[in-house]
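Below are the chains, spelled out letter by letter.
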2 protein chains.
Amino acid sequence: MAGLDVQTGPRYLAVRRAVERWIRQGQFPEGARLPSEGELARRFGCSRMTVRQAIAALAAEGLVQRRHGVGTFASRPRALRRFWTVLSFTEEMRAHGVEVQNHLLSVRRERPSEAVRRALALAPGELVYRIRRLRLVAGHPVAYHVSCIPVRICPGLDGLDLASDSLYRLVEEHYGYRFTRCERVYRPVRATAPEARLLEVPPGTPLLLVEGVAFVDAGLPVDACYEVYRE
Amino acid sequence: MAGLDVQTGPRYLAVRRAVERWIRQGQFPEGARLPSEGELARRFGCSRMTVRQAIAALAAEGLVQRRHGVGTFASRPRALRRFWTVLSFTEEMRAHGVEVQNHLLSVRRERPSEAVRRALALAPGELVYRIRRLRLVAGHPVAYHVSCIPVRICPGLDGLDLASDSLYRLVEEHYGYRFTRCERVYRPVRATAPEARLLEVPPGTPLLLVEGVAFVDAGLPVDACYEVYRE
DNA sequence: TAGTGGTCTAGACCACAAG
DNA sequence: TTGTGGTCTAGACCACTAA
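Keep in mind it's a predicted model, so treat the numbers as computed, not measured.

Visitor: What am I meant to see in the overall build of chain A here?
Guide: Along its length, chain A carries seven helices and eight strands. Split into buried and exposed, the 231 residues of chain A put 46% on the buried side. Once local pairs closer than 6 in sequence are excluded, the contacts in chain A between residues at least 24 apart make up 53%. Approximately 11,600 Å² of chain A is accessible, and the part contributed by carbon and sulfur atoms is 51%.

Written as structure tokens, this is what we have:
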């Protein structure tokens with residue numbers, strides 16, 4: 001009658017399944033308002049707290065959105081955008097509800113290393129901005145990040161607000177590029193002395209090294225980066 | 001007296017802050033059992049449901065682990081192990097509390113494509129196991145995955161239970177290897193007709209393509225994989 | 001003002017794990 | 001058997017939003 005499953009198990013899971021079915025089968029298309037919690041409780045013949053438990057699970061999954069004082073709305077299942085956002089650490093963490101502080105250690109015009117020169121296909125003698133940052137979560141350092149970006153491609157990058165915004169977003173907005181591809185290598189390393197100091201771990205602690213290159217539309221390599229992660 | 005904040009706001013947030021502080025400051029080191037929910041309710045002068053709301057939030061964050069019938073235990077903020085587990089989709093999803101079903105489409109001994117042959121540094125004429133799988137979350141396909149593993153390195157792989165376990169875990173356990181490095185390329189593609197059919201999207205839908213090679217200790221390439229993700 | 005979600009209570013019984 | 005977390009109730013009042 002109310003659409004509850006015949007299946008056994010906790011009542012809130014039955015409610016959850018029922019509401020999920022409504023949304024997935026299109027009875028509540030994206031953006032539509034669901035019945036209020038009180039109404040659902042009445043329909044399913046359970047208490048409002050039980051309905052809330054079901055709805056909370058769906059909200060955590062991204063299948064519904066709750067708006068205080070307004071209602072609960074059908075939404076899209078967010079699936080696995082995680083991999084996209086490998087491109088942008090800051091945005092990924094924000095999407096997970098984790099506050100990230102980017103502490104800018106330094107940004108300098110430098111002569112690139114041979115590896116970076118090759119990765120970015122630079123002409124001999126060409127300079128890069130070398131951007132060193134520390135990523136902090138809840139005040140604790142979690143990663144040390146070095147990006148190298150050709151001065152020719154992003155002139156004046158050192159004058160922008162690198163501390164507070166996502167580097168990739170900044171490059172996209174100020175220089176009109178769009179990152180579309182990246183290559184990454186993941187491998188374990190042990191913390192060097194300076195890395196250990198920055199990340200507040202003993203030297204030699206196992207870290208994850210991620211090295212990579214990010215490309216924009218035309219296949220142009222724009223960022224050669226080096227990161228080490230704690231944990 | 002119970003360590004509740006002076007700060008304003010919902011009571012469950014005060015409880016949450018207090019318990020979080022206990023753990024972060026080491027009063028409950030990793031693995032230690034926290035007071036029971038009833039005990040916490042008594043200490044904080046609130047109902048058990050309020051304590052549960054606080055603990056649920058910490059559990060979602062990974063700062064505590066709950067074990068039915070046993071207790072609640074301090075854990076490590078999981079920080080960013082995400083990147084490690086790029087190596088194993090199944091394990092990563094499980095760690096996030098998402099049930100993944102691996103639907104085995106086929107596993108066959110095949111002659112590899114030229115690209116795979118190069119990636120795996122195969123001798124001419126060498127064969128690979130080509131493992132085609134569909135990843136399902138909540139019954140819906142989210143990714144199509146093709147792995148190629150040299151028959152020489154993992155003989156008899158086609159006889160193992162590829163459907164129910166993580167492929168990498170299986171290889172590590174049965175053949176004594178340990179995956180330590182992987183290379184990945186991420187880029188957007190449009191769904192081909194067969195991919196569209198498998199992932200239940202219209203052909204041409206934007207997908208994320210991840211191509212890569214995974215290596216074991218000695219630097220030996222063991223898996224050349226190709227995956228496309230919805231969304 | 002009316003209706004919504006957000007918080008909270010003081011109980012209850014069940015399922016699970018371990019001694 | 002004991003103690004834990006898991007589920008559930010039938011209310012209550014608050015905070016927010018929109019009419």
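Let's pick the thread back up.
Visitor: So what exactly am I meant to see when it comes to the protein's contact with DNA strand D here?
Guide: Around DNA strand D, the surrounding shell holds 25 residues, and the nearest of these are Arg11, Ser47 and Thr50 of chain A together with Arg48 and Gly69 of chain B. Atoms of DNA strand D within 4 Å of the protein: sugar and phosphate make up 62%, bases the balance. One of the side-chain N or O atoms of Thr50 of chain A is found 2.4 Å from a phosphate oxygen in DNA strand D. Arg48 of chain B is positioned such that a nitrogen or oxygen atom in its side chain is 2.6 Å from a base nitrogen of DNA strand D.

Visitor: Where do I start with the environment of Gly204 of chain A in this structure?
Guide: Residues and elements named next belong to chain A. Examined against the element boundaries, Gly204 turns out to sit in the loop between α7 (193-199) and β7 (206-216). C-alpha separation for the pair Gly204 and Arg190, spaced 14 residues apart in sequence, amounts to 4.6 Å. Once residues lying within four places of it in the same chain are set aside, the contact partners of Gly204 are Arg190 and Ala191.

Visitor: I keep staring at the protein's contact with DNA strand C and nothing clicks. Help me out?
Guide: Near DNA strand C lie 25 residues; those nearest to it are Glu37 and Arg48 of chain A together with Arg11, Ser47 and Thr50 of chain B. Arg11 of chain B places a polar main-chain atom, nitrogen or oxygen, 2.2 Å from a phosphate oxygen of DNA strand C. Broken down by secondary-structure element, the contributors of at least two residues to the surface near DNA strand C are α3 (48-61), β1 (64-67) and β2 (71-74) of chain A together with α1 (11-24) and α3 (48-61) of chain B. Counting residues per element, the surface near DNA strand C draws most heavily on α3 of chain B, which supplies four residues. For the surface near DNA strand C, the residue count by class is seven nonpolar, ten polar and eight charged.

Visitor: Please explain the pattern of salt bridges as it appears in this structure.
Guide: Pairing is possible between side chains of opposite charge, provided their charged atoms come close. A complete count under the given rule lists 28 salt bridges over all chains for this structure. Arg181 of chain A serves as the salt-bridge partner of Glu183 of chain A, at 3.1 Å between the closest nitrogen and oxygen. Across the pair Glu37 of chain B and Arg66 of chain B runs a salt bridge, and its minimum N-O distance is 3.6 Å. Residue Glu37 of chain B is located in helix α2 (residues 37-44), and its partner Arg66 of chain B is located in strand β1 (residues 64-67); the two are separated by 29 residues in the primary sequence. Exposure remark for Arg66 of chain B: the relative accessible area of 35% places this residue in the partly exposed category. In the salt-bridge network here, residues are joined through shared partners; they are Glu37, Arg48, Arg52 and Arg66 of chain A.

Visitor: What is the right way to read the environment of Tyr177 of chain B from this model?
Guide: All names here are of chain B. With respect to the helices and strands, the residue Tyr177 is situated in the loop between α6 (167-175) and β6 (179-190). Separated by 40 residues in sequence, Tyr177 and Asp217 place their C-alpha atoms 7.1 Å apart. Those residues in contact with Tyr177 that sit more than four places away from it in its chain are Ile153, Val171, Glu172, Val216 and Leu220.

Visitor: Looking at this structure, I do not really get the nonpolar core. What am I missing?
Guide: For soluble globular proteins, nonpolar side chains are generally found buried alongside one another. Counting residues in hydrophobic clusters, the biggest one holds 46 residues, and the most contacted among them are Ile149, Leu157 and Val171 of chain A together with Ile149, Leu157 and Val171 of chain B. Core analysis: the next-biggest nonpolar cluster, separate from the first, contains 19 residues, Phe44, Ala54, Val64 and Ala74 of chain A among them.

Visitor: How should I be thinking about the pairing of strand β7 (residues 206-216) of chain B in this particular structure?
Guide: Each regular strand displays side chains that alternate between the two surfaces of the sheet. All names here are of chain B. Counting buried positions along β7 gives nine out of eleven residues, so the element sits mostly inside the fold. Bridge count between β6 and β7: eleven bridges; the pairing is antiparallel. Each residue of the ladder has a partner; that of Arg181, found in β7, is Phe215. Both β7 and strand β8 (residues 221-229) contribute to a ladder of eight bridges, which runs antiparallel. Pairing of Leu208 across the sheet is with Tyr229, part of β8.

Visitor: Even after reading the chapter, I still don't get the packing of aromatic side chains, so can you show me in this structure?
Guide: Each aromatic ring pair is summarised here by two numbers: the centre-to-centre distance and the angle between the ring planes. Residues and elements named next belong to chain A. Within the structure shown, the criterion is met by six aromatic pairs over all chains. Ring centres 5.6 Å apart and planes at 35° place the aromatic pair Trp22 and Phe28 in the tilted group. Take Trp22 and Phe28: they sit in the same class, and that class is buried. Relative to Phe44, the ring of Trp22 lies with its centre 5.8 Å away and its plane at 20°, an arrangement referred to as stacked. One end of the pair, Trp22, is in helix α1 (residues 11-24); the other, Phe44, is in helix α2 (residues 37-44), with 22 residues separating them in the sequence. Of the residues examined, Phe44 reaches a relative accessible area of 5% and is grouped as buried.

Visitor: So what exactly am I meant to see when it comes to helix α6 (residues 167-175) of chain A here?
Guide: Since the α-helix packs 3.6 residues into each turn, any two residues three or four apart lie on the same face. Residue and element names in this part refer to chain A. Restricting attention to buried positions, one finds in α6 the residues Leu167, Tyr168, Leu170 and Val171. Considered in projection along α6, the buried side chains sweep an arc of 160° and stay on one side of the axis. Of the residues flanking the end of α6, it is Gly176, one or two places downstream, whose phi is positive at about 75°.

Visitor: Teacher, can you tell me more about the side chain of Arg135 of chain B here?
Guide: All names here are of chain B. Within the secondary structure, Arg135 sits in strand β4 (residues 128-137). For the buried Arg135, which has no salt bridge, the nearest side chain bearing the opposite charge is Glu227, at an N-O separation of 4.3 Å. Engagement of the side chain of Arg135 in a polar contact is seen with the side chain of His145, the distance being 3.1 Å.

Parameters and conventions
Residues numbered from 1 in each chain as written. Chains lettered and ligands numbered in written order. Predicted model: local features only at pLDDT ≥ 70, side-chain atom pairs only at ≥ 80, totals over all residues. Heavy atoms only, no water. Helix = DSSP H or I, 4+ residues; strand = E, 2+ residues; numbered from the N terminus. Buried < 20%, exposed > 50% of the residue type's maximum accessible area, 1.4 Å probe, protein only. Contact = heavy atoms within 4.5 Å. Areas by Shrake-Rupley, 256 points an atom, 1.4 Å probe, with all protein chains shown as cover. Near = heavy atom within 4 Å. Polar contact = N/O pair within 3.5 Å; in protein donor to acceptor, adjacent residues only side chain to side chain. Nonpolar A, V, L, I, M, F, W, Y, C, P; charged D, E, K, R; others polar. Salt bridge = Lys/Arg side-chain N within 4 Å of Asp/Glu carboxyl O. Core = buried A, V, L, I, M, F, W, Y, C linked by side-chain atoms within 4.5 Å. Pairing = 2+ DSSP bridges. Phe/Tyr/Trp six-rings, centres within 6.5 Å; stacked < 30°, edge-to-face > 60°. Arc of directions from axis to C-beta. Lys, Arg positive; Asp, Glu negative; His and termini not counted.

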